[in-house]
Amino acid sequence: MKYQPKNRLTDKRIKKVIVFDTETAPYYEEVAGVKDKRQLQLIFDIGWTVADKKGNIFIKRNYLVDEVFTNMSLMKHAHYFNKYPNYLRMLQDNKIKMKKWGFIIAQFEQDILNYSIKEGYAFNIAFDKRAMENTHRILTGREFLFWKVHEVKTNCIWGMCAETIMSKVGYIKTAIEQGWLSESGNITTNAECAYRYITRVYDFKESHTALDDATIETEIMARCFKTRMKMSFGIIPHPWKIVKGKAEALGLL
């Protein structure tokens, strides 16, 4: 029986948002009239939180996508395939569930309805949105229209963080002192370094599993709002350039 969203809950006293993260495996799609196949990313691990903008988390969900995770021809090319045994242990210990994509995305939609969500966040939302859209289209044959249908605005935590936390002198100086620099000498602006800075745990390592990453991204989002600084919403191109420009203007880079 197909999983169907229930009615919307009515408690709207606390505005809530959904923060999500994905782990993916490459999929090569044939395109009519094009010789080379187009590489897409299909989700095998998806996690999300429902939270408020202060970082209080109300629910957490985490699923492996059955159609992708059990397809070894896809999974063996995943960037984090080395974590495959870890996922098997998580399944065995009931720390994650494996479900069909249809069930997962229906639960995602149900949470949007139940919590009257109008804003969705991810650290690199351009990637995660595209992965959701491609996964839905490839596995169901239908376009992913949930954001539009439910009028949910999607925002990039990476860009928000670059305009607030990571543009501060403190972050830039800390990044330089700690060696958080790219090979080309630019300030590193990933979620791992952002979380290191706000927690002062400078040896923190991301697990690169969807729910753990969504959880720390929820905290980063909340810290951005706590600054009360102006932020751009939606998808911001190349957020690292914002921090680079700030560092150069301050004479620190």
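Residues numbered from 1 in each chain as written. Predicted model: local features only at pLDDT ≥ 70, side-chain atom pairs only at ≥ 80, totals over all residues. Heavy atoms only, no water.

Novice: Sorry, what's going on with the pairing of strand S1 (residues 17-29) here?
Specialist: Side-chain direction in a regular strand flips from residue to residue, so the side chains alternate between the two faces of the sheet. For S1, a buried count of 11 out of 13 residues is recorded, marking the element as mostly surrounded by other parts of the structure. Across 13 bridges, the pairing between S1 and strand S2 (residues 38-51) is antiparallel. Its bridge partner lying in S2, Val-19 is registered against Thr-49. Pairing between S1 and strand S5 (residues 119-122): two bridges, direction parallel. Residue pairing across strands places Val-19 opposite Tyr-121, the latter belonging to S5. (Buried < 20%, exposed > 50% of the residue type's maximum accessible area, 1.4 Å probe, protein only. Helix = DSSP H or I, 4+ residues; strand = E, 2+ residues; numbered from the N terminus. Pairing = 2+ DSSP bridges.)

Novice: I tried to follow the side chain of Glu-206 on my own but got confused; where do I start?
Specialist: One can find Glu-206 in the loop between helix H9 (191-199) and helix H10 (210-226). Arg-196 provides the closest opposite charge to the buried, unpaired Glu-206, separated from it by 8.4 Å. Ignoring anything within four residues of it in the chain, the contact list for Glu-206 reads Ala-191, Glu-192, Asp-213 and Ile-216. (Lys, Arg positive; Asp, Glu negative; His and termini not counted. Salt bridge = Lys/Arg side-chain N within 4 Å of Asp/Glu carboxyl O. Contact = heavy atoms within 4.5 Å.)

Novice: Looking at this structure, I do not really get unusual backbone geometry. What am I missing?
Specialist: A negative phi angle is the norm for most residues apart from glycine, just as the trans form is the norm for most peptide bonds. Look at Asn-94: it is not a glycine, yet its phi comes out positive at around 60°. Its place among the elements puts Asn-94 in the loop between helix H3 (84-92) and strand S4 (97-99). Using a relative accessible area of 60% as the deciding quantity, one classes Asn-94 as exposed. A positive phi angle, close to 50°, is found at His-238, a residue other than glycine. Position of His-238 among the secondary structure elements: in the loop between H10 and helix H11 (240-249).

Novice: Whenever I open this one, the nonpolar core confuses me. Can you help?
Specialist: The nonpolar side chains of a soluble globular protein tend to be buried, and buried together. One finds Phe-44, Phe-108 and Met-132 to be the most contacted residues of the largest nonpolar core, which totals 37 residues. Looking at which element gives the most residues to this core, the answer is S2, with six residues. Ignoring any residue separated from it by four or fewer positions in sequence, one finds Met-132 in contact with Phe-20, Ile-43, Ile-46, Trp-101, Ile-105, Phe-108, Phe-144 and Trp-147. Core analysis: the second largest hydrophobic core is formed by 30 residues, Tyr-171, Cys-193, Tyr-197 and Ala-247 among them. (Core = buried A, V, L, I, M, F, W, Y, C linked by side-chain atoms within 4.5 Å.)

Novice: How should I be thinking about the state of the cysteines in this particular structure?
Specialist: Counted under the stated rule, the structure contains zero disulfides. In this structure Cys-156 is not part of a disulfide, and its nearest cysteine sulfur, from Cys-161, lies 9.9 Å away. Assessed through its relative accessible area of 3%, Cys-156 is described here as buried. The thiol sulfur of Cys-224 is not disulfide-bonded, and the nearest other cysteine sulfur, from Cys-161, lies at 4.3 Å. (Disulfide = S-S within 2.5 Å.)

Novice: What am I meant to see in the packing of aromatic side chains here?
Specialist: Each aromatic ring pair is summarised here by two numbers: the centre-to-centre distance and the angle between the ring planes. One pass over the full model with this rule turns up 19 aromatic pairs. Ring plane angle 85° and centroid distance 4.9 Å describe the contact between Trp-48 and Phe-108, whose orientation is recorded as edge-to-face. Here Phe-108 lies in helix H4 (residues 101-114) and Trp-48 lies in strand S2, a separation of 60 residues in the sequence. For the pair shown, Trp-48 and Phe-108 are each scored as buried. The interplanar angle of 70° and the centroid separation of 5.7 Å between the aromatic rings of Trp-180 and Tyr-202 together place this pair among those described as edge-to-face. (Phe/Tyr/Trp six-rings, centres within 6.5 Å; stacked < 30°, edge-to-face > 60°.)

Novice: Looking at this model, I keep getting lost on the pattern of salt bridges. Mind explaining?
Specialist: Side chains that differ in charge, positive against negative, can pair when their charged atoms come close. Inspection of every chain in the model, using the stated rule, returns six salt bridges. Among the ionic pairs, Arg-137 bridges to Glu-29, the shortest N-O distance being 2.7 Å. Separated by 108 residues along the polypeptide, Arg-137 in helix H5 (residues 125-140) and Glu-29 in strand S1 bring together distant segments of the chain. By relative accessible area, Glu-29 is classed as buried at 12%. Overlapping salt bridges bring together Glu-29, Arg-38 and Arg-137 as one network.

Novice: Can you help me understand the confidence of the model for the protein in this one?
Specialist: A low pLDDT means the predicted coordinates there should not be read in detail. Looking at the protein, pLDDT values average 92 and 94% of them are 70 or higher. Taken as a whole, residues 1-12 scores under 50 in pLDDT and shows 20 contacts with residues more than four places along the chain or in a different chain. (pLDDT = per-residue confidence, 0-100.)

Novice: What is the right way to read the sheet that holds S1 from this model?
Specialist: Pairing is mixed across the open sheet formed by six strands, whose spatial order is S4-S3-S2-S1-S5-S6. The open sheet is flanked by S4 and strand S6 (153-156), the only strands paired with a single partner. Strand-to-strand twist across the sheet, computed as the mean angle between neighbouring axes with direction ignored, equals 40°. In this sheet, strand S3 (residues 57-65) lies alongside S2 in antiparallel orientation, the contact comprising seven bridges. If you follow Trp-48 over to S3, its bridge partner there is Arg-61. Across the face of the sheet, H4 comes into contact with S1, S2, S3 and S4 while running at roughly 165° to S3. (Axes fitted to C-alpha atoms, helices over the stretch in contact; angles between N-to-C directions.)

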